[in-house]
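# A closer look at the structure
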Amino acid sequence: MEAILESTIRCPNCGHRKEEEMPTTACQFFYDCENCKEVLRPKEGDCCVFCSYGTVACPPIQQNKDCCNN
């Protein structure tokens with residue numbers, strides 16, 4: 001199964017949404033909301049901001065792998 005590389009991140013602070021391309025070689029631990037400037041971090045138990053706030057989980061999780069241990 002090929003991983004989906006696009007995910008829409010929704011800021012929990014202001015609700016702003018933006019489609020982003022997910023990295024395939026590293027986890028993304030921080031994301032700056034371009035609207036309210038809030039710095040998003042993964043929720044406890046999630047490996048990255050896409051798993052916490054995105055419409056699609058990060059590529060390693062989609063492929064049933066440990067995130068960041070490609």
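Look a little higher up for the structure.
Just so you know, these numbers come straight off a predicted model, no measurement behind them. (Residues numbered from 1 in each chain as written. Predicted model: local features only at pLDDT ≥ 70, side-chain atom pairs only at ≥ 80, totals over all residues. Heavy atoms only, no water.)

### A short note on the side chain of Ser 52
Mapped onto the elements of the fold, Ser 52 is located in helix 1 (residues 49–53). You can call Ser 52 buried: its relative accessible area is 11%. A polar contact of 2.7 Å, which involves the side chain of Ser 52, links it to the backbone nitrogen of Lys 43. In this structure Ser 52 touches Pro 42, Lys 43 and Asp 46, once residues within four positions along its chain are discounted. (Helix = DSSP H or I, 4+ residues; strand = E, 2+ residues; numbered from the N terminus. Buried < 20%, exposed > 50% of the residue type's maximum accessible area, 1.4 Å probe, protein only. Polar contact = N/O pair within 3.5 Å; in protein donor to acceptor, adjacent residues only side chain to side chain. Contact = heavy atoms within 4.5 Å.)

### Here's the deal with unusual backbone geometry
The phi dihedral of Lys 37 falls on the positive side, at around 70 degrees, and the residue is not glycine. Locating Lys 37 in the fold gives a position in the loop between strand 3 (31–32) and strand 4 (39–40). Judged by relative accessible area, which is 59%, Lys 37 ranks as exposed. Positive phi is not limited to glycine here, since Asn 64 has a value of about 60 degrees. In this structure Asn 64 comes out as exposed when scored by relative accessible area, which is 73%.

### A closer look at the pattern of salt bridges
Overall, the coordinates contain 2 salt bridges when judged by the stated rule. Between Glu 20 and Lys 18 there is a salt bridge, with the nearest N and O atoms lying 3.7 Å from each other. In this structure, Glu 34 engages Lys 18 in a salt bridge whose closest nitrogen and oxygen atoms are separated by 3.2 Å. Separated by 16 residues along the polypeptide, Glu 34 in the loop between strand 3 and strand 4 and Lys 18 in strand 2 (residues 17–21) bring together distant segments of the chain. Overall, the relative accessible area of 43% leaves Glu 34 in the partly exposed class. One connected set of salt bridges, linked through shared partners, spans Lys 18, Glu 20 and Glu 34. (Salt bridge = Lys/Arg side-chain N within 4 Å of Asp/Glu carboxyl O.)

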